[in-house]
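# Observations on the three-dimensional arrangement
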There are 2 protein chains.
Amino acid sequence: MFDIVHRVAVENTPPEAVFPALTTIDGLAGWWTTDTRGDAAEGGVIEFRFPPGGFDMKVLETSSAERVRWQVVAGPDEWVGTTVEWSLRLDGDWTVVLFKHAGWSEQVEFMHHCSTKWATYLMSLKALLETGTGSPSPRDVHIAHPD
Amino acid sequence: MFDIVHRVAVENTPPEAVFPALTTIDGLAGWWTTDTRGDAAEGGVIEFRFPPGGFDMKVLETSSAERVRWQVVAGPDEWVGTTVEWSLRLDGDWTVVLFKHAGWSEQVEFMHHCSTKWATYLMSLKALLETGTGSPSPRDVHIAHPD
């Protein structure tokens, strides 16, 4: 199995202020995709939609302001069954956000694409929290031909 | 072993025009770090320097306009012995750039950091080739507290 890992740190923002951006529909819509629906509570399913398609994520864990975990229950074949894990840690005036999209069965080209794209969305999350404005789909940063 | 993988595509730029950005000192200085020195030919060693330190990379392969491979011979412990692999492919008016930083022994937090940072440098490479201006260190995109 193969994983995508990333890290950003968010300035002047404690973990409690990052947490709603990962655990509420409005928060998620502010940095990943404006077309976010569903139930973001533990046990619920969140529907993330993008122009080319989307993902349904079951919320496995939102038990504390330090850890959030989803499992992909619908979407591209390569994504179904993978997990997306977030952990938050206070470090001075910053919150360190550790990210892992775990359980890819092969290092396909689509995995390379998703890794870079996740980085741009994490920068969108950071910008949302630091400046009030993220770059969610369809205003996302393009890294390739139609992406 | 664990790998960092990424992909970007560069518009209106054939692989032959991307290749010098990976295989010449001036090209590398335009998107990764302005402080790039050494010998970028196959068998040579390139010295990449950043405010906090740097890496020496031995050039293992620059045999065609499709593939470039380096091995880290000096730098942070986690990097030494790892390889950085590039492959380029024409796709219509675009060059698809596949990237792999292979051979990390553990998924340490520093690997998470480097994954996100590589994404921003690949976007810098794309910008250099599409617009003439990249964001090499020390004008790089900051993703965390001192990085």
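Residues numbered from 1 in each chain as written. Chains lettered and ligands numbered in written order. Predicted model: local features only at pLDDT ≥ 70, side-chain atom pairs only at ≥ 80, totals over all residues. Heavy atoms only, no water.

### A word on the overall build of chain A
To be explicit about the condition: Strands are runs of DSSP state E lasting at least two residues, helices are runs of H or I lasting at least four, and both sets are numbered from the N terminus onward. With C-alpha atoms as the basis for the radius of gyration, the globule rule is written as 2.2 Å multiplied by the number of residues raised to the power 0.38. Only heavy atoms matter for contacts: two residues are in contact if any of them lie within 4.5 Å across the pair.
The secondary structure content of chain A amounts to three helices and seven strands. Listed by position from the N terminus, the elements making up chain A come as β-α-α-β-β-β-β-β-β-α. Taken against the 2.2 N^0.38 rule, which gives 15 Å for 147 residues, the C-alpha radius of gyration of chain A at 14 Å falls within 12% of a compact globule. Considering only C-alpha atoms, chain A reaches an extent of 40 × 35 × 30 Å along its principal axes. Put simply, of all contacts in chain A between residues at least 6 apart along the chain, 47% involve residues at least 24 apart.

### So, helix α3 (residues 109-131) of chain A
Residues separated by three or four positions in an α-helix point in the same direction, a consequence of the helix having 3.6 residues per turn. All names here are of chain A. Put simply, the rule reads: Helix span, as expected, comes to 1.5 Å for every residue beyond the first. Type-normalised accessible area, obtained with a 1.4 Å probe on protein chains alone, sets the label of each residue: buried when under 20%, exposed when over 50%, and partly exposed for intermediate values.
With 23 residues, α3 should cover 33 Å at 1.5 Å per step; its first-to-last C-alpha distance of 33 Å lies within 8% of that length. A large share of α3 lies buried, amounting to 17 of its 23 residues. The first or second residue beyond α3 is G132, which carries a positive phi of 90 degrees.

### Thoughts on the UniProt feature "domain: Activator of Hsp90 ATPase homologue 1/2-like C-terminal" (unreviewed entry) in chain A
Rules: UniProt positions are given in the numbering used here, feature names are shortened, and annotations may be inferred rather than shown by experiment.
Summarizing the sequence annotation, UniProt attributes the feature "domain: Activator of Hsp90 ATPase homologue 1/2-like C-terminal" (unreviewed entry) to residues 12-130 of chain A in the numbering used throughout. With 30% helix and 42% strand, residues 12-130 of chain A has its two end C-alpha atoms placed 7 Å apart.

### What about the interface of chain B and chain A?
Our working rule: Buried area is understood as the total, over both parts, of accessible area removed when two parts are fitted together, assessed with a 1.4 Å probe. Salt bridge, as used here: a side-chain nitrogen of Lys or Arg that lies within 4 Å of a carboxyl oxygen of Asp or Glu.
Listed by partner, the interface residues are 28 residues for chain B and 28 residues for chain A. Together, the buried faces of chain B and chain A total about 2,600 Å²; carbon and sulfur atoms form 56% of this surface. Looking only at chain B, the three residues that lose the most surface to chain A are R7, E109 and H145 of chain B, adding up to 26% of its buried area. Across the chain B-chain A interface, the total number found is four salt bridges.

### What to know about the environment of E61 of chain B
All names here are of chain B. How we decide: A 3.5 Å cut-off defines polar contacts: any pair of N or O atoms within that distance qualifies, except that in protein one atom must be a possible hydrogen donor and the other a possible acceptor, and neighbouring residues in sequence count only when both atoms are side-chain atoms.
Within the fold, E61 resides in strand β4 (residues 53-64). Through-space distance from the C-alpha of E61 to that of Y121 is 21 Å; in sequence the pair is 60 residues apart. Look past the residues within four positions of E61 in its chain and what remains in contact with it is E42, R67, V68 and R69. Side-chain polar atoms of E61 contact the side chain of R67, separated by 3.3 Å.

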